[in-house]
Amino acid sequence: GAVVSQHPSWVICKSGTSVKIECRSLDFQATTMFWYRQFPKQSLMLMATSNEGSKATYEQGVEKDKFLINHASLTLSTLTVTSAHPEDSSFYICSARGGGSGRAGELFFGEGSRLTVL
Amino acid sequence: GQNIDQPTEMTATEGAIVQINCTYQTSGFNGLFWYQQHAGEAPTFLSYNVLDGLEEKGRFSSFLSRSKGYSYLLLKELQMKDSASYLCAPFGISNDYKLSFGAGTTVTVRA
């Protein structure tokens, strides 16, 4: 199947700093990527849809100025958590659609990035 | 939006069979995914149903009834490694083709 790689897997930062998470589709081109956030024992919550070459589409309640998304190429999307605070500590997962699976809508997930803000 | 309802937790012993039910309400339904998620890891694809009926794939099978807005995931010959969360995800045009997940069902397999 298609491979999506996410980096870093773990990140610890101080409150007030910014953190960038990268999501790459390794063997296919992804015009659309999705960013999810998951708190412990809760469901995956869609944060935003990242579109190559255009602005991201954010879900209701997600601050676009805090969670900056850039999708500069067909294989790379980045999520930057700006001025991170402890409540931003979560598991962030990217996903991409495509890869030729033949199953409409199937998402291929990155490994996830666990952010801890001290 | 999509209302997705599945049990929160289920427990079973090794070798047993578990059926995880999922009901959903969505317009413009296209298909339904089941994903498996181990603690601290990203979800992995298990199955995809578009048409009514049962799709069998090894120890895992998935059933769909479009008219009833109902699906189930059947796990047979349970193994310890099957302890995970199982996520039901209907997919369709009502949500701009975005994939939304329910809270998932945490399955615990005991020896």
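Residues numbered from 1 in each chain as written. Chains lettered and ligands numbered in written order. Predicted model: local features only at pLDDT ≥ 70, side-chain atom pairs only at ≥ 80, totals over all residues. Heavy atoms only, no water.

J.: An account of the sheet that holds strand S9 (residues 84-92) of chain B is requested, with residue identities and associated values reported.
T.: All names here are of chain B. Here we have five strands laid out as an open sheet, ordered S2-S10-S9-S4-S5, and mixed in their pairing. Two strands in the sheet have a free side with no partner beyond their single neighbour: strand S2 (9-13) and strand S5 (44-49). Taking the axes of each pair of neighbouring strands and ignoring which way they run, one obtains an average angle of 25 degrees across the sheet. (Pairing = 2+ DSSP bridges. Helix = DSSP H or I, 4+ residues; strand = E, 2+ residues; numbered from the N terminus. Axes fitted to C-alpha atoms, helices over the stretch in contact; angles between N-to-C directions.)

J.: Report on the interface of chain A and chain B, specifying residues and quantitative values.
T.: Contact residues are listed per partner, giving 20 residues for chain A and 18 residues for chain B. Counting each side, the surface lost to burial between chain A and chain B is near 1400 Å², with a carbon and sulfur contribution of 60%. Only strand S4 (32-38), strand S5 (45-51), strand S9 (90-97) and strand S10 (107-109) of chain A provide two or more residues apiece to the side of chain A that touches chain B. Looking at the side of chain A that touches chain B residue by residue, the classes come out as nine nonpolar, five polar and six charged. (Contact = heavy atoms within 4.5 Å. Buried area = accessible area lost by both parts, 1.4 Å probe. Nonpolar A, V, L, I, M, F, W, Y, C, P; charged D, E, K, R; others polar.)

J.: Give me the lowdown on the pairing of S5 of chain A, citing residues and values where you can.
T.: As a general feature of sheets, a regular strand has side chains that alternate between the two faces. Residues and elements named next belong to chain A. Of all the seven residues making up S5, five are buried; the element is thus mostly covered by neighbouring parts of the structure. When S4 meets S5, the two strands line up antiparallel, connected through six bridges. If you follow Arg 37 over to S5, its bridge partner there is Met 45. With antiparallel pairing between neighbouring strands as the criterion, S4 and S5 make up a hairpin whose turn holds six residues, including Lys 41 at a positive phi of roughly 60 degrees. Where S5 meets strand S6 (residues 57-58), two bridges bridge the pair, whose relative direction is antiparallel. Residue Thr 49 lies in a different strand from S6, and its bridge partner there is Thr 57. Two successive antiparallel strands, S5 and S6, enclose a turn made up of five residues, where Gly 53 displays a positive phi of approximately 80 degrees. (Buried < 20%, exposed > 50% of the residue type's maximum accessible area, 1.4 Å probe, protein only.)

J.: Describe the environment of Cys 23 of chain A, naming the residues involved and giving the relevant values.
T.: Looking at where Cys 23 of chain A falls in the secondary structure, it is placed in strand S3 (residues 19-25). We classify Cys 23 of chain A as buried; its relative accessible area is 0%.

J.: Could you give me a rundown of the pattern of salt bridges, with the residues and numbers involved?
T.: Enumeration over the complete set of coordinates arrives at four salt bridges over all chains. A salt bridge links Lys 66 of chain A to Asp 88 of chain A; the shortest N-O distance between them is 2.9 Å. Of the two residues, Lys 66 of chain A is situated in the loop between S6 and strand S7 (67-73) and Asp 88 of chain A in the loop between strand S8 (76-81) and S9; the sequence distance between them amounts to 22 residues. Neither residue differs from the other here; Lys 66 of chain A and Asp 88 of chain A are each classed as buried. Note that Glu 56 of chain B is salt-bridged to Lys 76 of chain B, the shortest N-O span being 3.7 Å. Linking Glu 56 of chain B in strand S6 (residues 53-57) with Lys 76 of chain B in the loop between strand S8 (70-75) and S9, this pair joins segments that are 20 residues apart in sequence. Of the residues examined, Glu 56 of chain B reaches a relative accessible area of 59% and is grouped as exposed. (Salt bridge = Lys/Arg side-chain N within 4 Å of Asp/Glu carboxyl O.)

J.: For the state of the cysteines, give the residues involved together with the corresponding values.
T.: Covalent bonding between the sulfur atoms of two cysteines is what defines a disulfide. Summed over all chains, the structure comprises two disulfides over all chains. The side chain of Cys 22 of chain B participates in a disulfide bridge whose partner is Cys 88 of chain B; the two sulfur atoms lie 2.0 Å from each other. Looking along the S-S bond of the Cys 22 of chain B-Cys 88 of chain B disulfide, the torsion reads about -70 degrees, which is the left-handed sense. Placement of the pair is Cys 22 of chain B in strand S3 (residues 18-25) and Cys 88 of chain B in strand S9, with a sequence separation of 66 residues. You can call Cys 22 of chain B buried: its relative accessible area is 0%. Given a relative accessible area of 0%, Cys 88 of chain B falls into the buried group. Considering cysteine sulfurs only, Cys 94 of chain A is the nearest to Cys 13 of chain A, which forms no disulfide, with 18 Å between them. On the basis of relative accessible area, Cys 13 of chain A is assigned to the buried category, the value being 8%. (Disulfide = S-S within 2.5 Å.)

J.: Break down the sheet that holds strand S1 (residues 3-5) of chain B for me, citing the residues and quoting the values.
T.: Working definition: the strands of a sheet are paired by backbone hydrogen bonds and lie parallel or antiparallel to each other. Residue and element names in this part refer to chain B. Taken in spatial order, the five strands of this open sheet run S1-S3-S8-S7-S6, and their pairing is antiparallel. One side of each edge strand has no neighbouring strand; the edge strands of this open sheet are S1 and S6. For this sheet the average axis-to-axis angle between neighbouring strands, irrespective of direction, equals 15 degrees. Pairing of strand S7 (residues 60-65) with S8 involves six bridges; the strand directions are antiparallel.

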